[in-house]
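# Per-entry structural report
In case you want the letters, here they are:
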Amino acid sequence: MHEVIDHLGRNVILPHSPKRIISICPAITETLFSLGLEKEVIGRTKYCIFPKGTVDQVPIVGGTKEVDFEKVKALQPDLIFAEKEENTKEMVLELEKIAPVFVLEVKSILDAYRLISTLGEATKTTETANFLLTSCQKSFQSVVGKGNGKAAYVIWRKPYMVVGGNTYINDVLHQMGYQNPFTNEGSRYPVVTKEQLANAQLDKLFLASEPFPFQQKHLTEFQSFLPHTEIILVDGEMFWYGSRMLVAGEYLAELERDM
């Protein structure tokens, strides 16, 4: 065992080489598999759907905001990974009674790169993590910031919720060349009205496929009060961090080319 400091500055005692890992954050789960830890990951949330097919064999312990602590206990993990935004403080405190919990935090592209490195260090897969990190960085080099003007990214309907400041997705929008007018709303995911969206004079509006599954009919809905804004349906999973960045870079670059 050895003591480390997680992304929140908490002291966590980790096993030297963890063999029974539970991840309660989808992006972390996918990244662990990319590090070759499919045998070590013994628990996940129902939202941990990547890599397709392979992850299906891993037992589900609940969702990202609520887990079944008895299921977690029964799996006898020696390490649990959580993420500050995805998971709750109350969950982490309860899970700590079962096993060490390492909390990561991602608020930017640089934080996403740090996540990959950290997971490599914590699981003794540093060499694989370094290769994955370099590959993700190379992928994101294709996102060259061709966009200009103001853009918002919508994640929910009833109420409308958009991406605010200090978020990974906001940093991705910035790298694409856009200014997000909702970065100073006092929330990382502020609730906004039709009037606020209209008054923002947006050049682009991105409607994500998740967590709310926006579709063509919703595009028409937004266009009714944003007649001068280009509204685009996007694959929300391509705005995940971690190893998803390997394919996200090309997706975002293509999105730039099509606009």
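Here, every reference points to the structure presented above.
A brief look at the structure comes next.

The rules behind each value
Residues numbered from 1 in each chain as written. Predicted model: local features only at pLDDT ≥ 70, side-chain atom pairs only at ≥ 80, totals over all residues. Heavy atoms only, no water. Buried < 20%, exposed > 50% of the residue type's maximum accessible area, 1.4 Å probe, protein only. Helix = DSSP H or I, 4+ residues; strand = E, 2+ residues; numbered from the N terminus. Pairing = 2+ DSSP bridges. Lys, Arg positive; Asp, Glu negative; His and termini not counted. Salt bridge = Lys/Arg side-chain N within 4 Å of Asp/Glu carboxyl O. Contact = heavy atoms within 4.5 Å. Disulfide = S-S within 2.5 Å. Axes fitted to C-alpha atoms, helices over the stretch in contact; angles between N-to-C directions. Parallel < 35°, antiparallel > 145°, perpendicular 65-115°, else oblique. Nonpolar A, V, L, I, M, F, W, Y, C, P; charged D, E, K, R; others polar.

## Describing the pairing of strand β2 (residues 11-14)
Along β2, the buried face is formed by Val12 and Leu14; none of Asn11 and Ile13, which line the opposite face, is buried. In terms of strand pairing, strand β1 (residues 2-5) meets β2 through 4 bridges, oriented antiparallel. Counterpart to valine 4 in the pairing with β2 is valine 12. Linking β1 back to β2 in an antiparallel pair, the connection comprises 5 residues, with glycine 9 at a positive phi of about 80°.

## Remarks on the side chain of aspartate 111
Mapping aspartate 111 onto the fold places it in helix α4 (residues 109-123). Summary of buried charges: aspartate 111 has no salt-bridge partner, and the nearest side chain of opposite charge, arginine 114, is 4.0 Å away. Not counting residues up to four positions away in its chain, the partners in contact with aspartate 111 are Glu105 and Val106.

## With respect to the state of the cysteines
If you walk through the whole model with that rule in mind, you get 0 disulfides. The cysteine cysteine 48 is free of any disulfide, with cysteine 25 supplying the nearest cysteine sulfur at 7.0 Å. Take cysteine 48: its relative accessible area is 0%, and that puts it in the buried class.

## Details of the pattern of salt bridges
Note on pairing: side chains with opposite charge can pair once their charged atoms come close. Enumeration over the complete set of coordinates arrives at 9 salt bridges. Of the charged contacts in the structure, one is a salt bridge between lysine 84 and glutamate 105, with a shortest N-O distance of 3.6 Å. Note that lysine 84 is positioned in the loop between β5 (79-83) and α3 (89-95) and glutamate 105 in the loop between β6 (101-104) and α4, a separation of 21 residues in sequence. For lysine 84, a relative accessible area of 45% translates into the label partly exposed. For glutamate 85, the salt bridge is made with arginine 188, and the minimal N-O distance between the two is 2.9 Å. Residue glutamate 85 is found in the loop between β5 and α3, and its partner arginine 188 is found in the loop between α6 (168-175) and β9 (191-192); the two are separated by 103 residues along the sequence. Linked through salt bridges whose partners overlap, the residues forming this network are Asp6, Arg10 and Glu96.

## Some words on the packing of helix α5 (residues 126-140) against helix α9 (residues 245-258)
The axes of two packed helices give the description: the angle between them and the distance between them. At their nearest, the axes of α5 and α9 sit 7 Å apart, and the two run at 5° to each other. Considering the angle they form, α5 stands roughly parallel to α9. Of α9, the residues touching α5 (which contributes Leu132, Ser135, Cys136, Ser139 and Phe140) are Met245, Leu246, Val247, Ala248, Gly249, Glu250 and Leu252. Of the residues in the contact of α5 with α9, the class split is 8 nonpolar, 3 polar and 1 charged.

Function cannot be inferred from these measures alone, as they are strictly geometric.
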